[in-house]
Amino acid sequence: MWDSFLIFLGLHPFLASLLPVSLGCVLLLFVRRRVLRIFGCVSLLLGILVGATLHLRWDSFSIHFSKLYKDSLSEKISVLFVGDSITCEGSRPRGFITKIKSILPIDHQVVCLKGATSIEVVGLLEKASLALDPAFIIAQSGINDLLKGIPKEQIFNLQATLFKELAIKFPGSKVLFLPIHPLKLQDGSVYEFPPLTPANFPVWWEDPPSFVEDSLLSDGIHFSAQGHSLLAKVLINKIFSGNS
């Protein structure tokens, strides 16, 4: 219940912040009853607090002012998201999946497992009950393989296995396999995985050192709110152009 409410805030940041602000202003300007004026003050402060949180901590507004495809879609697009904790976090209130939903009308399903290696994601996909035939599949894996010390060439083969599984299971779907993004190691250095993956998705960051500072959390692996926004913007344009 609470999680659904937070996701609603992430999906509708303007409504969540401007509605209580507007209500508070109306009550303070046009109502004389003390109780209602107090309620108006509370509503106004709540709206400002919610708006500040959505902007400063969730980065929920920036995507709405970004240069994205603006043409309306005649029908919803079905999208399947597959991966490890990066994908799982994407469906959180400030995640990239939530931000995509705030812009594009999509029917979606998420198949993910935190800490999963590529082969574990394959197993998860085989057991999953899928309720839609996706037009697009957004897949990612490999980070946990890397953290477990699996050699780079073997990671490539494991990712290729996942890619093949998706292609066989959904022959009519367009599979977008995300590359492993730059990571920040414990010693502060930046690790950029070499282009040995089946990723058919362009590198969506520009400068790796700047990316790890601005788009990752302190663990050096997972996306910050800004990182989720950056990925969401790229995916929205990719989905929209591929659907046109």
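Residues numbered from 1 in each chain as written. Predicted model: local features only at pLDDT ≥ 70, side-chain atom pairs only at ≥ 80, totals over all residues. Heavy atoms only, no water.

### Focus: the overall build of the protein
Just so we agree on the cut-off: Helix numbering and strand numbering both begin at the N terminus, where a helix is a DSSP run of H or I of at least 4 residues and a strand a DSSP run of E of at least 2. A simple rule labels every residue: compare its accessible area, found with a 1.4 Å probe on the protein chains alone, to the largest value its type can have, and call it buried under 20%, exposed over 50%, or partly exposed in between. Every residue pair with non-hydrogen atoms within 4.5 Å of one another is taken to be in contact. In short, Shrake-Rupley with a 1.4 Å probe defines the accessible areas, and a residue's cover is counted only from the protein chains shown. His residues and chain termini do not enter the charge count, which takes Lys and Arg as positive and Asp and Glu as negative. Where a charge lies is defined by one atom per residue type: Lys uses NZ, Arg uses CZ, Asp uses CG and Glu uses CD.
Helix and strand counts for the protein stand at ten helices and six strands. Principal-axis analysis of the C-alpha atoms gives the protein an extent of 70 × 45 × 35 Å. Each of the 244 residues in the protein was classed as buried or not, and the buried ones make up 45%. When contacts within the protein are restricted to residue pairs at least 6 apart in sequence, long-range pairs at least 24 apart make up 72% of them. Within the structure as shown, the protein displays about 12700 Å² of accessible surface, and the carbon and sulfur contribution to it stands at 60%. Averaging the positions of the 22 positive and the 20 negative side-chain charges in the protein gives two centres separated by 12 Å.

### Digging into the pattern of salt bridges
In plain terms, the rule: Salt bridge, as used here: a side-chain nitrogen of Lys or Arg that lies within 4 Å of a carboxyl oxygen of Asp or Glu.
This model, assessed by the stated rule, comprises four salt bridges. As a salt-bridge pair, Lys114 and Glu89 come within 3.3 Å of each other at their nearest N and O atoms. Here Lys114, found in the loop between strand 2 (106-112) and helix 6 (118-127), pairs with Glu89, found in helix 4 (residues 85-90); they are 25 residues apart in sequence, far enough to count as distant. With a shortest N-O distance of 2.9 Å, Lys184 and Glu213 are connected by a salt bridge. Taken together, the residues Lys184 in strand 5 (residues 183-184) and Glu213 in helix 9 (residues 208-215) connect sequence positions 29 residues apart. Of the residues examined, Lys184 reaches a relative accessible area of 30% and is grouped as partly exposed.

### Details of the state of the cysteines
Using the following cut-off: Note on disulfides: each one is a pair of cysteine sulfur atoms within 2.5 Å.
Applying the stated rule across the entire model yields one disulfide. Covalent S-S linkage joins Cys88 and Cys112, the inter-sulfur distance amounting to 2.2 Å. Because the torsion about its S-S bond is 120 degrees, the bridge between Cys88 and Cys112 counts as right-handed. Note that Cys88 is positioned in helix 4 and Cys112 in strand 2, a separation of 24 residues in sequence. Exposure remark for Cys88: the relative accessible area of 11% places this residue in the buried category. Judged by relative accessible area, which is 23%, Cys112 ranks as partly exposed. Left unpaired, Cys25 is separated from the closest cysteine sulfur, that of Cys41, by 10 Å. Overall, Cys25 belongs to the partly exposed group, its relative accessible area being 33%.

### Overview of the packing of helix 2 (residues 13-30) against helix 3 (residues 34-56)
Definition in use: Each axis is a line fitted through C-alpha atoms, taken for helices only over the stretch in contact, and angles between the N-to-C directions span 0 to 180 degrees. Small angles under 35 degrees read as roughly parallel and large ones over 145 as roughly antiparallel, with 65 to 115 read as roughly perpendicular and the rest as oblique. Each crossing gets its handedness from the near helix: less than a right angle anticlockwise from the far helix is left-handed, clockwise is right-handed. Residues are grouped as follows: nonpolar covers Ala, Val, Leu, Ile, Met, Phe, Trp, Tyr, Cys and Pro; charged covers Asp, Glu, Lys and Arg; every other residue, Gly included, is treated as polar.
Axis separation between helix 2 and helix 3 bottoms out at 7 Å; the angle between their running directions is 155 degrees. It follows that helix 2 is roughly antiparallel to helix 3 by the angle criterion. Crossing hand, helix 2 versus helix 3: left-handed. When helix 2 is examined against helix 3, the residues Pro13, Ala16, Ser17, Pro20, Val21, Leu23, Gly24, Cys25, Leu27 and Leu28 are found in contact with a partner set consisting of Leu36, Arg37, Phe39, Gly40, Cys41, Ser43, Leu44, Gly47, Ile48, Val50, Gly51 and Leu54. Grouping the constituent residues of the contact of helix 2 with helix 3 by class yields 15 nonpolar, six polar and one charged.

### Overview of helix 8 (residues 152-169)
Inclusion rule: To estimate the expected span of a helix, subtract one from its residue number and multiply by 1.5 Å. What the arc describes is the spread of directions from the helix axis to the C-beta atoms.
When the terminal C-alpha atoms of helix 8 are compared, their 26 Å separation across 18 residues agrees well with the 26 Å that a helix rising 1.5 Å per residue should span. Every buried residue of helix 8 is accounted for by Ile155, Leu158, Gln159, Leu162 and Leu166. One side of helix 8 holds all its buried residues, which, seen down the axis, span an arc of 95 degrees. Across helix 8 from its buried face, at more than 90 degrees, point the exposed residues Glu153, Lys164 and Ile168. Structurally, helix 8 contributes buried residues whose contacts are with strand 1 (77-83), helix 6, strand 3 (136-139), helix 7 (143-147) and strand 4 (174-177).

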